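# Overview (structure and organization)
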Amino acid sequence: MQDFKGTAQRITDLYNQQDLSDESIAQQMLQSEQTAEATSQWRLMWRKFKRNRTAVIGGVVVLLFYLTALFGDFVAPYSLEDRMTQYSYLPPQKIRFIADGRFQPHVYGLKSGRDPLTLQRTYVPDPEHKIPIRFFVEGSPYKLMGLFPTNRHLFGVEEGIVSILGTDGQGRDMFSRIIKGSQISLTVGLVGVALSLLIGAVLGVASGYYGGWVDNLVQRGIEIVRSFPPIPLWMALTAALPQHWPPLLTYFVITVILSLIGWTWLARQLRGKVLAIREEDFIMAARLAGASDRWIIFRHLIPATFSHIVVISTLSMPSMILAESSLSFLGLGIRPPLTSWGVLLKQAQNTQVLLLYPWLMIPGFFVAISILAFNFMGDGLRDAADPYTV
Amino acid sequence: MLPYIVKRVLGMIPSLIIISFITFFVIQLPPGDFVTSVQSQVASSGGGMDATTVEALRVRYGLDQPQVVQYWRWIKGFPTGDFGYSLEWSAPVWDVIATRMGWTLLLSGLALVFMWVVSIPIGVYSATHQYSIGDNIFSFLGFLGLSIPDFLLSLIWLVVGTLVLGIPAYGLFSPEMADAPWSLAKFLDLLKHLWAPVIIMGIIGTAELIRIMRGSLLDVLNQQYVTTARAKGLHEKKVIKKYAVRMAINPLISVLGMQIPKMISSSIIVGLVLSIPTVGPIFLRSLISQDMYLAGVILLFMAVMLLVSNLLADLVLAWIDPRIRYE
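Residues numbered from 1 in each chain as written. Chains lettered and ligands numbered in written order. Predicted model: local features only at pLDDT ≥ 70, side-chain atom pairs only at ≥ 80, totals over all residues.

## Observations concerning the overall build of chain A
- Within chain A one finds 13 helices and 5 strands.
- Relative to its 390 residues, chain A shows a buried fraction of 37%.
- Counted over contacts in chain A with a minimum sequence separation of 6, partners at least 24 positions apart contribute 71%. (Helix = DSSP H or I, 4+ residues; strand = E, 2+ residues; numbered from the N terminus. Buried ≥ 20, exposed ≤ 12 C-beta atoms within 10 Å, placed from the backbone. Contact = placed C-beta atoms within 7 Å.)

Here it is in structure tokens:
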């Protein structure tokens, strides 16, 4: 209440000073608003978010995933294309922590042979042959975050192989490939949501604020896009991408295609929020003070919906990640040599292969965990976004 | 009510026309056409086609005509049940997809029933026992159900069913039953194969419906007419069943239209992984081989299914909720 009185006083003062240019009034109003409310709202949100334990866990997992993706080349013991053909289709290895009575993580060495009946390669761990896992070992060279050339990896072995999630048919370490795949899978979501947000925020805010024919046009557009079930439409659109395009271009076009449908949901949500806020007193005050539409939209409406934009973006991440992995799983999304979780899962599509080597479906669990984490985090954010309600 | 239905059905016609335009545009997007994809297939097996053969094929399939003409040729047969010709299967599109459409509809329908039968009781329990251990467990399971992608569930089922439980987890029939004439044994065999894909397809929707049902019933339980009913000494069971749940169920119907597209998407992926003859696998194949009329009709059918289910949801809602006016 005190703040409100202060604001009112300042506006009256401004009028008394005969400084009636809308810029300066709006500027003053904005400043007083920011000092009085904007900071405390974010702090309130944070306080409420912290209380929600599952949401915090979700947030930590999301953060962990992105950090791992950022330092992917360092965390992964092998590079994306390191083929160790003598270890093809190696099941996940067991890591043992105690050797000779003290802490020493190690894996057993392997004796490989062939099954006399099926001629499949078999691996027998050799308990006598302990291979210690070393930290910060030298391995294949890479550029950390694409900048600093180095060859140190978080962990690795000096002989044999360490493969905690097994290898694929070409002897490539699944764990390393999953980490590298997360770089694509997790950024597709980010870029896709950013693009949808750009389209969705502009059209949603415009349609809510102006109403009339703008609103009508945008709403009809949304209805038409949404009259198609998303996955089949995505499939048809991505199937149209020429095979000879470079993988990176395909990656960007796929994010664009994902956001071509994703924006509709964002726009709908934002329109609803804007419709509610449009009728609030402070917008009326700004309008009476002679502020232009652009000023009101960019200085009042968008900041006021900002917390909702954050929530909506978080909640639309799962569908983006899911869409990318589903499309890549079907062979219509990201193309090798780029690797995403969906691309890795494509190997598991063959029933015979999957039944022989079930660990090939592990990338799917990473998709599930990331979606779960985003859902938990988004749910907590949604509750926190309205810190004034209990 | 009848004028309302007629109005809504007529209102669908412009949407249908726009949808058919977009569908045609989308399936025309890939560079080249069916003949180019045949050409590259022939080339990859070491053969070649001369220019006159290529031209002849194009003329035969009508691919030499302008796009508008192709669109018109495709669309004009629809009212009479002629959905065009599948270039890859050399058969009318309808013959290729008819049984597959049937399976898709059956699976989706059963999944819908499963969703409703499971989610309503759980939602009611969660709302009437808010914050109890049961409610928390169901909420967590719901989150889990929302987050596990259908392809992962199918893969897990394939591995667990085959390797752990030792039952065939894919296909619709056991191999020895596939070509047998319909009999009770074949029907039982079908049921044995059917339940898992139905549950997999329904799980995401179930999780959503539980949340909606719980929230909606919690809102209704706060309303005054519920308090009145209780104050008048009505048995609590009756208050919930006859008063609260009947109103709380409305949002479930209105999200029906949102569940159908998810069901369609799931049927594609589940069909592919568990080798079930839904339209999914054939849709994927037709997209890759640029069998445009087949792909187009499937995409169009999916959009129409969505449109019709939205309409049905609205009609059911208008029918059971007297507060909705027909204007």
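## Structural notes on the interface of chain B and chain A
- Listed by partner, the interface residues are 39 residues for chain B and 33 residues for chain A.
- Where the side of chain B that touches chain A is concerned, the elements lending two or more residues are α1 (2–28), α6 (133–147), α7 (150–164), α12 (256–273), α13 (279–288) and α14 (292–320) of chain B.

## Observations regarding the pairing of strand β3 (residues 121–132) of chain A
- Pairing geometry for strand β2 (residues 102–114) of chain A and β3 of chain A, over 9 bridges, is antiparallel. Paired with R114 of chain A across the two strands is R121 of chain A, which belongs to β3 of chain A. (Pairing = 2+ DSSP bridges.)

## Details of the nonpolar core
- Within the largest apolar cluster, 147 residues are counted, with the highest numbers of intra-cluster contacts made by W234, M235 and A236 of chain A together with A295, I298 and L299 of chain B.
- In terms of residue count, the dominant contributor to this core is helix α10 (residues 293–329) of chain A (13 residues).
- Each residue touching I298 of chain B, except ones within four places of it in the same chain, is listed here: I97, V279, F283 and S286 of chain B.
- Among the nonpolar cores identified, the runner-up in size contains 5 residues, and Y87, L90, V107 and I161 of chain A belong to it. (Core = buried A, V, L, I, M, F, W, Y, C linked by C-beta atoms within 7 Å.)

## Side note on the domain arrangement of chain B
Residue and element names in this part refer to chain B.
- According to the domain assignment, chain B consists of domain 1 (2–93) and domain 2 (100–320).
- Averaged C-alpha coordinates put domain 1 and domain 2 at centres separated by 32 Å.
- Taken together, the contacts link 24 residues of domain 1 with 18 residues of domain 2.
- For the side of domain 1 that touches domain 2, the elements supplying multiple residues, two or more each, are α1, α2 (34–44) and β1 (85–86).
- The dominant element in the side of domain 1 that touches domain 2, judged by the number of residues it contributes, is α1, at 12 residues.
- Residue composition of the side of domain 1 that touches domain 2, by class: 14 nonpolar, 7 polar and 3 charged. (Domains from an automatic or database assignment. Nonpolar A, V, L, I, M, F, W, Y, C, P; charged D, E, K, R; others polar.)

## So, the sheet that holds β3 of chain A
Residues and elements named next belong to chain A.
- With antiparallel pairing, the 3 strands of this open sheet are ordered in space as β1-β2-β3. Strands at the two margins of the open sheet, each flanked by one partner only, are β1 (96–99) and β3. Across the sheet, the mean angle separating the axes of adjacent strands is 50° when strand polarity is ignored. (Axes fitted to C-alpha atoms, helices over the stretch in contact; angles between N-to-C directions.)

## Focus: helix α5 (residues 174–210) of chain A
Residue and element names in this part refer to chain A.
- The end-to-end C-alpha distance of α5 is 52 Å, a good match for the 54 Å that 37 residues give at a rise of 1.5 Å each.
- The largest bend in α5 amounts to roughly 30° and is located at G181.
- Backbone geometry just after α5 places G211 at a positive phi near 65°. (Expected span 1.5 Å × (residues − 1). Bend = angle between axes of the 7 residues up to and from the residue.)

## Concerning the domain arrangement of chain A
All names here are of chain A.
- When cut into domains, chain A gives domain 1 (86–168) and domain 2 (177–385).
- Computed from C-alpha atoms alone, the centre-to-centre distance between domain 1 and domain 2 is 38 Å.
- Between domain 1 and domain 2, the residue contacts involve 6 residues of the former and 6 residues of the latter.
- When grouped by side-chain class, the residues that make up the side of domain 1 that touches domain 2 number 4 nonpolar, 1 polar and 1 charged.

## Let's talk about the environment of G134 of chain B
Residue and element names in this part refer to chain B.
- Mapped onto the fold, G134 is located in helix α6.
- In this structure G134 comes out as exposed when scored by C-beta crowding, with 12 C-beta atoms within 10 Å.
- C-alpha of G134 to C-alpha of I122: the two residues are 12 residues apart in sequence and 9.4 Å apart in space.
- If sequence neighbours within four positions are ignored, G134 has contacts with Y125 and H129.

## Remarks on the packing of helix α7 (residues 230–239) of chain A against helix α8 (residues 247–278) of chain A
All names here are of chain A.
- α8 packs onto α7 with a crossing angle of 145° between their chain directions and a minimal axis gap of 10 Å. The interaxial crossing formed by α7 with α8 has right-handed handedness. In this structure, α7 uses P230, L233, W234, L237 and T238 to contact α8, whose residues at the interface are I254, I257, L258 and I261.
- Tallied by class, the residues present in the contact of α7 with α8 amount to 8 nonpolar, 1 polar and no charged. (Left-handed = near helix turned anticlockwise from the far one by under 90°.)

## Some words on unusual backbone geometry
All names here are of chain B.
- Positive phi outside glycine occurs at Y131, with the angle close to 65°.
- Relative to the elements of secondary structure, Y131 occurs in the loop between α5 (93–128) and α6.
- Here Y131 falls in the exposed class, since 9 other C-beta atoms lie within 10 Å of it.
- At S275, a position not held by glycine, the phi torsion is positive, near 40°.
- With respect to the secondary-structure elements, S275 resides in the loop between α12 and α13.

## Quick notes on the environment of D82 of chain B
Residue and element names in this part refer to chain B.
- For D82, the position within the fold is in the loop between α4 (67–76) and β1.
- Owing to 13 C-beta atoms within 10 Å, D82 belongs among the partly exposed residues under this scheme.
- Sequence separation between D82 and I282 is 200 residues, and the spatial gap between their C-alpha atoms is 19 Å.

## Examining the pairing of β1 of chain A
Residues and elements named next belong to chain A.
- Bridge analysis of β1 against β2 gives 3 bridges, and the strand direction is antiparallel. Its bridge partner being in β2, I98 is matched across the sheet by F103.
- The hairpin turn running from β1 into β2, its antiparallel successor, is 2 residues long, and D100 in that turn takes a positive phi close to 50°.

## Quick notes on the environment of T68 of chain A
Residues and elements named next belong to chain A.
- Inspection of the secondary structure assignment puts T68 in helix α3 (residues 53–70).
- The exposure class of T68 is partly exposed, given the 18 C-beta atoms found within 10 Å.
- C-alpha of T68 to C-alpha of V256: the two residues are 188 residues apart in sequence and 25 Å apart in space.
- The contact partners of T68, leaving out residues within four places of it in the chain, are V75, I179 and S182.

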